[in-house]
Amino acid sequence: MKLADNLRIQRKKLGLSQEELAEKCQISRQAIAKWESGESVPTIEKLIFLADLYDMTLDELVGRVVMDDYDRFAKYIKKYVPTDIKFGEDDDVTAVISRYITFTDALGLSGEVKLKGLQDIFLAGVKAE
């Protein structure tokens, strides 16, 4: 999604008019209109303000695709997988793990290290109770 579209959609989700948002941003309503039409873009300071206002990350606000853990792992595997292993876009987690194990085998890693790697990947951010 384009930044201009996202700015308009998020403003409307909060039920704000261009004038109300302009007051919050301490700029003119015309500046908001230009942002939303794509004629200009907010400064980084205004983008940060808007991301906070809309409770979004900057990446989300500007329309950058945010990868989840699975996507990051799949990207890692695609980058480092041995060339003799075919990797398709639609592979599921089982296929990714299979490729991970094949990759770690090629490196000569022990089973314990392989398991730790999988735990690090899939349990990252999970706190023990």
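Basis of the calculations
Residues numbered from 1 in each chain as written. Predicted model: local features only at pLDDT ≥ 70, side-chain atom pairs only at ≥ 80, totals over all residues. Heavy atoms only, no water. Helix = DSSP H or I, 4+ residues; strand = E, 2+ residues; numbered from the N terminus. Buried < 20%, exposed > 50% of the residue type's maximum accessible area, 1.4 Å probe, protein only. Contact = heavy atoms within 4.5 Å. Salt bridge = Lys/Arg side-chain N within 4 Å of Asp/Glu carboxyl O.

Would you explain the overall build of the protein chain in this entry?
Along its length, the protein chain carries 8 helices and 0 strands. The order of helices and strands in the protein chain, counted from the N terminus, is α-α-α-α-α-α-α-α. Looking at the protein chain as a whole, 28% of its 129 residues qualify as buried. If you take every contact in the protein chain between residues at least 6 apart in sequence, the share linking residues at least 24 apart comes to 39%.

Whenever I open this one, unusual backbone geometry confuses me. Can you help?
Backbone phi values are negative for most residues with the exception of glycine, while trans is the configuration of most peptide bonds. Despite not being glycine, Gln26 has its phi angle at roughly 60°, a positive value. Mapped onto the elements, Gln26 comes out in the loop between α2 (18–25) and α3 (29–37). Given the relative accessible area of 72%, Gln26 is considered exposed. One non-glycine residue, Asp55, adopts positive backbone phi at about 55°. Tracing the chain through its elements places Asp55 in the loop between α4 (44–53) and α5 (58–62).

How should I be thinking about the pattern of salt bridges in this particular structure?
Enumeration over the complete set of coordinates arrives at 3 salt bridges. Among the salt bridges present, the one from Asp5 reaches Arg8, with a minimum N-O distance of 3.2 Å. In this pair, Asp5 and Arg8 are both assigned in helix α1 (residues 3–13), 3 residues apart and thus about one turn of the helix distant. Arg8 gets classed as partly exposed once you look at its relative accessible area, which sits at 28%. Note that Arg11 is salt-bridged to Glu36, the shortest N-O span being 2.5 Å. Note that Arg11 is positioned in helix α1 and Glu36 in helix α3, a separation of 25 residues in sequence.

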